[in-house]
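Structural features, examined
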Amino acid sequence: MSQTPEILVTGGRGAVARGLSALLGARGVPHRLASREPDKPGTVHCDLTDPATFPGALAGIRSVFLYAESAAVDAFVKEAVAAGVEHVVLLSSSSVLGPGAADSPLAASHLAVEQALLGSPLRTTLLRPGSFASNALAWAWPLKSGRPVHLPYPGSFCDPVHEADIAEAALAVLTDPSLGGRAYTLTGPQSLTFTAQLDILGEVVGRPIPFETVSREQWKAEVDGYIPGPYAEALLDFWASTDGLPVDLSDAVERLTGHAPRTFATWSADHADAFRA
């Protein structure tokens with residue numbers, strides 16, 4: 001007889017959710033993968049903006065890995081409590097720790113979901129990654145087209161964290177009750193400038209990667225249609241705030257996974273095909 005899944009993994013098309021699902025599967029942990037647009041057999045429909053999809057996805061569930069969508073979070077919390085959910089692990093963001101987080105397009109949704117969960121009876125664990133290493137995928141198109149990468153703040157530092165480390169951290173807090181009910185800031189092992197990341201990526205793909213420094217306005221014009229204006233402005237402000245200033249690193253990945261976080265070089269090697277024409 002098959003076991004009834006007790007863990008719901010939302011955001012089933014996201015890299016972290018896919019990685020977590022694979023880890024749970026390898027351990028034989030029964031779980032239910034959910035997505036707004038289910039794209040493979042066994043994935044259930046759960047649109048975090050549509051409360052009508054919550055009851056079916058949450059039936060029989062005791063723990064949830066949740067993406068930070070605030071549109072219907074109060075309805076989700078209400079349905080989760082009614083369904084008997086005991087523990088929610090939220091994929092939040094370290095941006096919630098910054099000044100003015102409630103008014104920041106980068107942080108507001110994450111903070112709203114955190115507050116809704118922390119104000120509920122649900123045991124809540126907060127995973128707060130810094131900069132996803134996968135943000136570098138935005139450079140794939142210029143690299144493959146032979147154009148320089150445009151950077152408004154080439155000397156801006158970040159803490160690129162591999163999505164596999166986030167998935168392993170989520171596995172740890174979902175499967176070890178002693179680790180839950182806390183907040184963890186997840187970072188990579190190095191504070192790197194954008195230019196340092198390009199150097200590392202160039203070594204992996206086997207050729208130097210040129211870049212050009214551009215103005216804020218030029219960069220905003222280039223991403224118009226892909227990144228909403230307020231979000232683009234908030235990104236620029238964040239990059240300006242870390243221009244020439246290394247960011248703080250944490251040991252949370254190592255404490256949760258038992259190994260040092262993967263380097264940006266490792267992430268680049270894992271995704272090198274995305275940058276090759």
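Residues numbered from 1 in each chain as written. Predicted model: local features only at pLDDT ≥ 70, side-chain atom pairs only at ≥ 80, totals over all residues. Heavy atoms only, no water.

As for the overall build of the protein
In plain terms, the rule: Numbering goes from the N terminus for both helices and strands, where a helix is a DSSP run of H or I of at least four residues and a strand is a run of E of at least two. Using a 1.4 Å probe on the protein chains alone, a residue whose accessible area is under 20% of its type maximum counts as buried, one over 50% counts as exposed, and one in between counts as partly exposed. Any pair of residues with heavy atoms lying within 4.5 Å of one another is described as a contacting pair.
Within the protein, the regular secondary structure consists of eleven helices and eleven strands. Across its three principal axes, the protein shows a C-alpha extent of roughly 55 × 40 × 35 Å. In the protein, which comprises 277 residues, the share counted as buried stands at 47%. Summarising the internal contacts of the protein: among those between residues at least 6 apart in sequence, 73% fall at separations of at least 24.

Topic: the sheet that holds strand β2 (residues 31-35)
Cut-off, in case you're wondering: Following DSSP output, two strands are said to pair if at least two bridges run between them. To obtain each axis, a line is fitted to C-alpha atoms, and for helices this fit is confined to the stretch in contact; angles are then taken between N-to-C directions over 0 to 180 degrees.
The seven strands are arranged β3-β2-β1-β4-β5-β6-β9 in an open sheet whose pairing can be described as parallel. Among the strands making up the open sheet, the edge pair consists of β3 (44-45) and β9 (183-186). Direction of pairing for strand β4 (residues 63-67) relative to strand β5 (residues 87-91): parallel, over a ladder of five bridges. Along β5, the bridge assignment pairs Val 64 with Val 88. On top of the sheet, helix α4 (residues 108-118) reaches β4, β5 and β6 (123-129); it is set at about 170° to β5, its chief contact.

Brief notes about the layout of surface pockets
So the rule is basically this: Cavity and pocket criteria rest on a 1 Å grid covering protein atoms alone: a 1.4 Å probe that fits but cannot get out defines a cavity, protein on both sides within 12 Å along at least 5 of 7 lines defines an open pocket, and an atom within 4 Å of a point defines a lining residue. Grid points are joined across faces, edges and corners, and a volume is the space filled by probe spheres set on the points.
In this structure, the second largest pocket encloses a volume near 380 Å³. Lining the second largest pocket are 16 residues, with Gly 11, Arg 36, Leu 48, Tyr 67 and Glu 69 positioned closest to its centre.

So, the environment of Gly 42
Take Gly 42: it is sitting in the loop between β2 and β3. Between the C-alpha atom of Gly 42 and that of Thr 263, which follows or precedes it by 221 residues, the distance is 33 Å.

Brief notes about empty space enclosed by the protein
To be explicit about the condition: When residues are sorted by character, Ala, Val, Leu, Ile, Met, Phe, Trp, Tyr, Cys and Pro go into the nonpolar class, Asp, Glu, Lys and Arg into the charged class, and all the rest, Gly among them, into the polar class.
What the rule picks out here adds up to one cavity of 30 Å³ or more. Estimated volume of the largest cavity: approximately 30 Å³. Forming the boundary of the largest cavity are Leu 48, Phe 54, Leu 66, Tyr 67, Glu 69, Val 73 and Phe 76. Put simply, the parts of the chain that give the lining of the largest cavity at least two residues each are β4 and α3 (73-83). Here the lining of the largest cavity is built from residues that sort into six nonpolar, no polar and one charged.

Describing the packing of helix α1 (residues 15-26) against helix α6 (residues 163-175)
For any two helices packed against each other, the geometry comes down to the angle between their axes and how far apart the axes lie. Our working definition: Here the angle decides the label: under 35 degrees means roughly parallel, over 145 means roughly antiparallel, 65 to 115 means roughly perpendicular, and every other value means oblique. A crossing counts as left-handed when the near helix is turned anticlockwise from the far one by less than a right angle, and as right-handed when that turn is clockwise.
Two elements in contact, α1 and α6, have axes whose closest approach is 8 Å; the angle formed by their N-to-C orientations is 50°. Regarding the angle of α1 to α6, the classification is oblique. When the axes of α1 and α6 are compared, the crossing they make is right-handed. In contact with Ala 15, Val 16, Gly 19, Leu 20, Leu 23 and Leu 24 of α1, α6 contributes Glu 163, Ile 166, Ala 167, Glu 168, Ala 170, Leu 171, Leu 174 and Thr 175. Here the residues of the contact of α1 with α6 are counted per class, giving ten nonpolar, two polar and two charged.

So, the nonpolar core
Here is the rule: To define a nonpolar core, start from buried Ala, Val, Leu, Ile, Met, Phe, Trp, Tyr and Cys residues and group those joined through side-chain atoms within 4.5 Å.
Judged by nonpolar contacts, the single largest core of 27 residues is most densely connected at Trp 139, Leu 201, Trp 219, Phe 264 and Phe 275. Elements represented by at least two residues in this core include exactly α5 (140-145), β7 (149-151), α7 (194-205), α8 (216-223), α9 (229-241) and α11 (264-270).

Details of the pattern of salt bridges
Once the charged atoms of two side chains with opposite charge are near each other, the side chains can pair. The condition is simple: Take a side-chain nitrogen of Lys or Arg and a carboxyl oxygen of Asp or Glu: if they are within 4 Å of each other, that pair is a salt bridge.
Throughout the structure, instances matching the rule amount to eleven salt bridges. Between Arg 13 and Glu 37 there is a salt bridge, with the nearest N and O atoms lying 2.5 Å from each other. With Arg 13 in the loop between β1 (7-9) and α1 and Glu 37 in the loop between β2 and β3, this residue pair connects regions lying 24 residues apart in the sequence. For Glu 37, a relative accessible area of 43% gives the class partly exposed. Here Arg 276 ties to Asp 273 by a salt bridge, and the two come within 3.4 Å at their closest N and O atoms. A relative accessible area of 39% means that Arg 276 is categorised as partly exposed. Connected through salt bridges with shared partners, the residues Arg 216, Glu 217, Lys 220, Glu 233 and Asp 237 form a single ionic network.

Re the pairing of β5
Rules: Whether a crossover is right-handed depends on one test, that the path from the first strand over the helix to the second runs clockwise when the strands point away from the viewer.
When you tally the buried positions in β5, you get five out of five residues, the bulk of the element. Because side chains alternate across β5, one face comprises the buried residues His 87, Val 89 and Leu 91, and the other comprises Val 88 and Leu 90, equally buried. The β-α-β motif built from β4, the intervening α3 and the parallel element β5 has right-handed crossover chirality. The pairing of β5 with β6 spans five bridges and is classified as parallel. Looking across to β6, one finds that His 87 is bridged to Arg 123. For the crossover that starts at β5, traverses α4 and ends in the parallel β6, the hand is right-handed.

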